Amino acid sequence: MVNLAAIKRTLLKHIGILTSGGDSPGMNACIRAVVRSAIASELQVTGIMRGYQGMIESDFVQMDGRSVSNIVQRGGTILKSARSKDFFSAAGRSKAFSNIQSLGIDALVVIGGDGTFRGAEEFRKEYGIRSIGVPGTIDNDLAGTDYTLGFDTAINTAVDSIDKIRDTANSHDRLFFVEVMGRHSGHIALSVGLASGAESILLPETVTDVNALVASLRSGGNRNKSSNIVVVSEGDEAGGAFKMAEEVRKLAPEYDTRVTVLGHIQRGGAPSAFDRILGTRLGVAAVEGLISGKSDVMAGLINNQVVFTPYATCVSASHAPDPELIRLAYLTSI
Ligand code: F6P
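Calculation rules
- Residues numbered from 1 in each chain as written.
- Predicted model: local features only at pLDDT ≥ 70, side-chain atom pairs only at ≥ 80, totals over all residues.
- Heavy atoms only, no water.
- Pairing = 2+ DSSP bridges.
- Helix = DSSP H or I, 4+ residues; strand = E, 2+ residues; numbered from the N terminus.
- Axes fitted to C-alpha atoms, helices over the stretch in contact; angles between N-to-C directions.
- Contact = heavy atoms within 4.5 Å.
- Disulfide = S-S within 2.5 Å.
- Buried < 20%, exposed > 50% of the residue type's maximum accessible area, 1.4 Å probe, protein only.
- Near = heavy atom within 4 Å.
- Polar contact = N/O pair within 3.5 Å; in protein donor to acceptor, adjacent residues only side chain to side chain.
- Areas by Shrake-Rupley, 256 points an atom, 1.4 Å probe, with all protein chains shown as cover.
- Domains from an automatic or database assignment.
- Buried area = accessible area lost by both parts, 1.4 Å probe.
- Salt bridge = Lys/Arg side-chain N within 4 Å of Asp/Glu carboxyl O.
- Nonpolar A, V, L, I, M, F, W, Y, C, P; charged D, E, K, R; others polar.
- Parallel < 35°, antiparallel > 145°, perpendicular 65-115°, else oblique.
- Left-handed = near helix turned anticlockwise from the far one by under 90°.

### Description of the sheet that holds strand 9 (residues 257-261)
- An order of 7-8-6-9 is seen for the four strands of this open sheet, with the pairing classed as parallel. The sheet is open, and its two borders are formed by strand 7 (200-202) and strand 9, each paired with just one other strand. Each strand of the sheet is rotated relative to its neighbour by a mean of 20°, with strand direction disregarded.
- In this sheet, strand 8 (residues 228-233) lies alongside strand 7 in parallel orientation, the contact comprising three bridges. Within strand 8, the position partnered with Leu202 by the bridge is Val232.
- Helix-sheet contacts for helix 7 (residues 187-196) involve strand 6 (175-180), strand 7 and strand 8, and the interaxial angle to strand 7 is about 175°.
- Across the sheet, helix 9 (residues 241-251) touches strand 6, strand 7, strand 8 and strand 9, and the angle it forms with strand 9 is around 170°.

### Comments concerning the state of the cysteines
- This model, assessed by the stated rule, comprises zero disulfides.
- Of all cysteine sulfurs, the one in Cys314 lies closest to Cys30, which takes part in no disulfide; the gap is 14 Å.
- A relative accessible area of 1% means that Cys314 is categorised as buried.

### Observations regarding the site of the ligand
- Taken together, Arg83, Thr137, Ile138, Asp139, Met181, Gly182, Arg183, Glu234, His264 and Arg267 make up the full set of residues adjacent to the ligand.
- The separation between an oxygen atom of the ligand and a polar side-chain atom of Arg267 is 2.8 Å.
- For the ligand, the protein covers 75% of the area, taking 400 Å² as the surface of the free molecule.
- Shared between two domains, the shell around the ligand holds at least three residues of each, these being domain 1 (4-150 + 271-316) and domain 2 (152-267).

### Describing the domain arrangement of the protein chain
- Its domain assignment divides the protein chain into domain 1 (4-150 + 271-316) and domain 2 (152-267).
- Spacing between the C-alpha centres of domain 1 and domain 2 amounts to 35 Å.
- At the junction of the two partners, domain 1 supplies 14 residues and domain 2 supplies eleven residues.
- For the pair domain 1 and domain 2, the summed buried area comes to about 1,100 Å², and 47% of that belongs to carbon and sulfur atoms.
- Per-residue buried area on domain 1 facing domain 2 is highest for Asp23, Ile138 and Asp139; these three make up 44% of the total on that side.
- Between the two partners, domain 1 and domain 2, sit one salt bridge.
- Summed over the shared surface of domain 1 and domain 2, the result is nine residue pairs in polar contact (both at pLDDT 80 or more).
- Classifying every residue of the side of domain 1 that touches domain 2 gives four nonpolar, five polar and five charged.

### Topic: the packing of helix 8 (residues 210-222) against helix 9
- Here helix 8 crosses helix 9 at 65°, and the two axes come no closer than 10 Å. Relative to helix 9, the element helix 8 lies roughly perpendicular. In the packing of helix 8 onto helix 9, the handedness of the crossing is right-handed. Note on element contacts: helix 9 touches helix 8 through Met244, Glu247, Val248 and Leu251, opposite Val210, Asn211, Leu213, Val214 and Arg218.
- By residue class, the composition of the contact of helix 8 with helix 9 is six nonpolar, one polar and two charged.

Next comes the structure, spelled out in structure tokens:
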């Protein structure tokens, strides 16, 4: 019988790897896993700098086992990252194809978010270059995986910061609005709020009612709560932390209110052990998936098992925060 998997395997000789979109802690662990597992399967690996932009500008670097030494513990991405506008154009993709074709790259591992996977799928449809994605974003907003690379580190970074804010909030009996990242998704805010014991968590997935928030803060005051932390997701439909603080000041001037926007601190720093292991598992899975002939799928982790999900599902299906966690956050903030 003809072994199709073996035929596909022999066609694959040279993998390109890139990181695209917002960087996230754990990307380097994933790059290391891709490079070393590909080499173990006798594949050549080329690093593509600055995401798709590097393909267009021929910004390539040959990778060997030593080129990824000492990076598993480092945040950021050694391949750098970009959100390439040029790759959206047919002319940009055509240039990218001719550049990787001249190097002999015949498949890609793309680490990033939804835009990264949309670009990869378009590229495969036009030029037949297969790819497998790895979810690399702190936002945890992709379907097809319980966790994206960098989410765990980002929430730990934010929790560590809020613990510090709590100390000073407590000393001065203050109300803090702390804004966390997440773009349109409330995953970061929910986990961070839950883990830091926030009095209230404002998410894009729930309706924010300023009057109800003030009532809940005052009711906490009646139960001798002297300091308050409100975690605000940057994508909350009612506005960010500054807007919320302004609204609450108007309704409840008795509070001494401060605002902290945590910002890009959440994107950097040494990856947690969880993110290093996740990056390693998904990186190896991506290479093995390409070897077995897969394409246009993202390697993710569901119930602690590696699974491959079509790009189209990952970017269109919703991965909303768990309502049970919302319930727990509410119950335990009383
Ligand atoms: O997608 C990751 C993320 O950090 C979001 O949480 C945030 O909204 C956005 O990227 C910030 O993007 P930039 O680094 O381009 O300002």
